Amino acid sequence: MSKVFGFAGENDFCPGGPIYANHKEQNHFLSIGRPVDVYFPLRKRSRISAPFVFTEERFEQKKQASIEVLPDECLFEILRRLPGGDERSACACVSKRWLSLLSNICKDELCSQNESAKTNTQVKSEVEDEGIEGDGYLSRSLEGKKATDIRLAAIAVGTASRGGLGKLFIRGSNSSQGVTKVGLRAIARGCPSLKVLSLWNLLSVGDEGLSEIANGCHKLEKLDLSHCAAITDKGLLAIAKSCPNLTDLVIESCTNIGNEGLQAVGQHCTNLKSISIKNCPAIGDQGIAALVSSASNVLTKVKLQALNITDVSLAVVGHYGKEVADLVLTSLTNVSERGFWVMGNGQGLKKLKSMTVTSCVGLTDTGLEAVGKGCPNLKQLYLHKCPFLSDNGLVSFAKSAVSLESLLLEECHRITQIGFFGSLLNCGANLKAASLVNCLGIKDLKLDLPELSPCSSLRSLSIRNCPGFGDGSLALGVTDAGFLPVLENCEAGLVKVNLSGCVNLSDKVVSVMTEQHENCFLLSDLDVSKCATTDSGIAAMARSNQLNLQVLSVSGCSMISDKSFPDLVKLGQTLLGLNVQHCNAIRSSTVDVLVERLWRFPITGNLLEVLVSSWPPFPENTVAKFWFQFSPMTPCSAEAFREVVPVKPVHIRLSVPLFL
């Protein structure tokens, strides 16, 4: 029988093998009813769609069909055919892979199937961006750990359909996990409208990343590179060749950028208007000379700081800087007196309006005088830490600079009050502001100055932190030199006077300005903080009928006491700001009454700022700041104000209308 049906045995009858190894256990399948030969349960056929299938006594899970199985080439072709920017932005949220593919699609590679949808998207984007950026471009900034390639890719995809990215600022954290050439490639391909790019502290960004920007962002106008050590002349050369619209270049602490890169910029960027180069040891005279001479017709701002340049660079600036209006020179240790002299006599800085010189030992009397003669339109001069500049050079410069409007001297210790006041009295009729800060050479000298032309246009005078400037400089009853003739010759009237930190100045300075000179009737801002001002000085200001102070600062005047209370109240009729910090002789109860009295003046719509050194809810010597906005609307009493004053905070802003 087995031969007829082809059975070889019981294993062939049950292809899966015997169910039980012990044949005696087969009795469990015997029917308990009528006798039968054998019982075998019905076997079902395996379903094709089952998640598990047998294969040689092993089973595996069947793979589901997915778009992810497509290679990048196919998926790229699909994504570039999306109809609009909103669809691309939505797809970018699916995965990092999709975001990476979308960010690598150039604008000219997009293949929209629906032109009308594309047009509608553009119109919608213009409407949305109209209220975001005035010039039609978006601005994005990444700082610290947020500066990554993934975020740059997201910016590239997200801004493409909303007007385009115009400004990008990346502030890295010197981390190797930050921005690389991959992120900049995404920006270059997705943001061809980029005009401003700033890269700070990016160790992983090199020439390849900057070349990607050059290849994709041909509209770039401003480039700022700071602490990018991996960028060399090669990257700057790529920018120069591909971005002819570059107008503003800033390079700071990029140790591998040298003369070759600057030469390329000068040769190809014919619209360059502003350059700022700081702390780049590989840049020398060759690079600066090539850059300035090539852009002589358009360059308006030059800023050179901590460079290994010599007198040659300053000579080139003085000769080729025909359009330069703003010049900043800082920490140029290799520049000598000859460099400044040649720059002044180069006859090229006719349009120079502002000049700042800081920590340059080469600036002497001869060099400064030459600058004054060679720059007839100079209006602002700021000198900081010039140790070899003396009174003779300053006075000679003042005689030559007839257009000077603002003069600032800081930490120039060879300048005395003879040179400072002599420059004020020798300058032209345009000087409006003069400032002297932390000059230790200022001391009281009993010397006469010759008869000088008046400084009739001076409006602001500031002498700060000059401990040697005292009553002797006022020359009251001693000579005609010093502060007195300056006040007499200010025909336009001083508006702002700052004498803070001059510890030897007493009440005489107040008497000079308030009682003896009519030219101070326009004085609105007076600062005598940390001076030797006493109650007599406050009384002198209160007695003046022509003084209309709006801001008064007597901070740190320890000799002002409660006796000045009625005088401060009288001054409060015109005051908008009062600073009495650290006046320890004024009791807190006096301050309490003073504030209440100041509230009573009907200064509707004006802002009254009171700085006090003590207030009842605060500990002694605590500095508090109050703003009181007067309004004819809902009144608020002083008692109600005290209820809302907290105990611990020292800065309080009160926006409730006050009217007593």
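What you are looking at is a predicted structure, and each value in this text was computed from that prediction instead of being measured.

Visitor: I'd like to hear about the packing of helix 5 (residues 96–103) against helix 7 (residues 149–160), residue by residue, with values.
Guide: One way to put it is that helix 5 packs onto helix 7 with a least axis distance of 9 Å and a crossing angle of 55 degrees. It follows that helix 5 is oblique to helix 7 by the angle criterion. The hand of the helix 5/helix 7 crossing is left-handed. Here Lys 96, Leu 99, Leu 102 and Ser 103 of helix 5 come into contact with helix 7, specifically with Ile 150, Ala 153, Ala 154 and Val 157.

Visitor: Can you tell me about the pairing of strand 8 (residues 274–278), naming the residues and giving the values?
Guide: Burial runs high along strand 8: four of the five residues are buried. Relative to strand 8, strand 7 (residues 248–252) runs parallel, the two sharing five bridges. Residue Glu 252 lies in a different strand from strand 8, and its bridge partner there is Lys 278. Regarding topology, helix 11 (residues 259–268) serves as the crossover connection from strand 7 to the parallel strand 8, and that connection is right-handed. Where strand 8 meets strand 9 (residues 301–305), five bridges bridge the pair, whose relative direction is parallel. For Ile 275, the partnering residue across the bridge sits in strand 9 and is Val 302.

Visitor: Describe the packing of helix 4 (residues 85–92) against helix 5, listing the residues and the values that go with them.
Guide: In contact at an axis separation of 8 Å, helix 4 and helix 5 are set at 140 degrees when each is read in the N-to-C sense. Mapping the contact onto sequence places Arg 88, Cys 91 and Ala 92 in helix 4 and Trp 98, Leu 99 and Leu 102 in helix 5. Looking at the contact of helix 4 with helix 5, its residues break down into five nonpolar, no polar and one charged.

Visitor: Can you tell me about the state of the cysteines, naming the residues and giving the values?
Guide: Evaluated as defined, the whole model comprises zero disulfides. Cys 254 supplies the cysteine sulfur nearest to Cys 228, a cysteine that is in no disulfide, at a spacing of 5.2 Å. Between Cys 386, a cysteine without a disulfide, and Cys 412, which holds the nearest cysteine sulfur, the sulfur-to-sulfur distance is 4.8 Å. Owing to a relative accessible area of 0%, Cys 386 belongs among the buried residues under this scheme.

Visitor: With reference to specific residues and values, describe the packing of aromatic side chains.
Guide: Applying the stated rule across the entire model yields one aromatic pair. When the ring centre of Trp 200 is taken as origin, the NZ or CZ atom of Arg 171, which lies over that ring, is 3.9 Å away.

Visitor: Pulling in residues and values, what's your account of the pattern of salt bridges?
Guide: Any two side chains of opposite charge can pair, given that their charged atoms come close. Summed over all chains, the structure comprises eight salt bridges. For Glu 77, the salt bridge is made with Arg 81, and the minimal N-O distance between the two is 2.7 Å. Overall, the relative accessible area of 32% leaves Arg 81 in the partly exposed class. Linking Glu 369 and Lys 373 is a salt bridge whose minimum nitrogen-to-oxygen distance equals 3.4 Å. With Glu 369 and Lys 373 both in helix 15 (residues 365–374) and four residues apart, this pair spans about one turn of that helix. A residue is classified by how much of its surface remains accessible, and Glu 369, at 27% relative accessible area, is partly exposed. The network of salt bridges with shared partners includes Glu 77, Arg 80 and Arg 81.

What counts, and where the lines are drawn
- Residues numbered from 1 in each chain as written.
- Predicted model: local features only at pLDDT ≥ 70, side-chain atom pairs only at ≥ 80, totals over all residues.
- Heavy atoms only, no water.
- Axes fitted to C-alpha atoms, helices over the stretch in contact; angles between N-to-C directions.
- Helix = DSSP H or I, 4+ residues; strand = E, 2+ residues; numbered from the N terminus.
- Parallel < 35°, antiparallel > 145°, perpendicular 65-115°, else oblique.
- Left-handed = near helix turned anticlockwise from the far one by under 90°.
- Contact = heavy atoms within 4.5 Å.
- Buried < 20%, exposed > 50% of the residue type's maximum accessible area, 1.4 Å probe, protein only.
- Pairing = 2+ DSSP bridges.
- Right-handed = clockwise from strand over helix to strand, strands pointing away.
- Nonpolar A, V, L, I, M, F, W, Y, C, P; charged D, E, K, R; others polar.
- Disulfide = S-S within 2.5 Å.
- Phe/Tyr/Trp six-rings, centres within 6.5 Å; stacked < 30°, edge-to-face > 60°.
- Lys NZ or Arg CZ within 6 Å of the ring centre and 35° of its normal.
- Salt bridge = Lys/Arg side-chain N within 4 Å of Asp/Glu carboxyl O.

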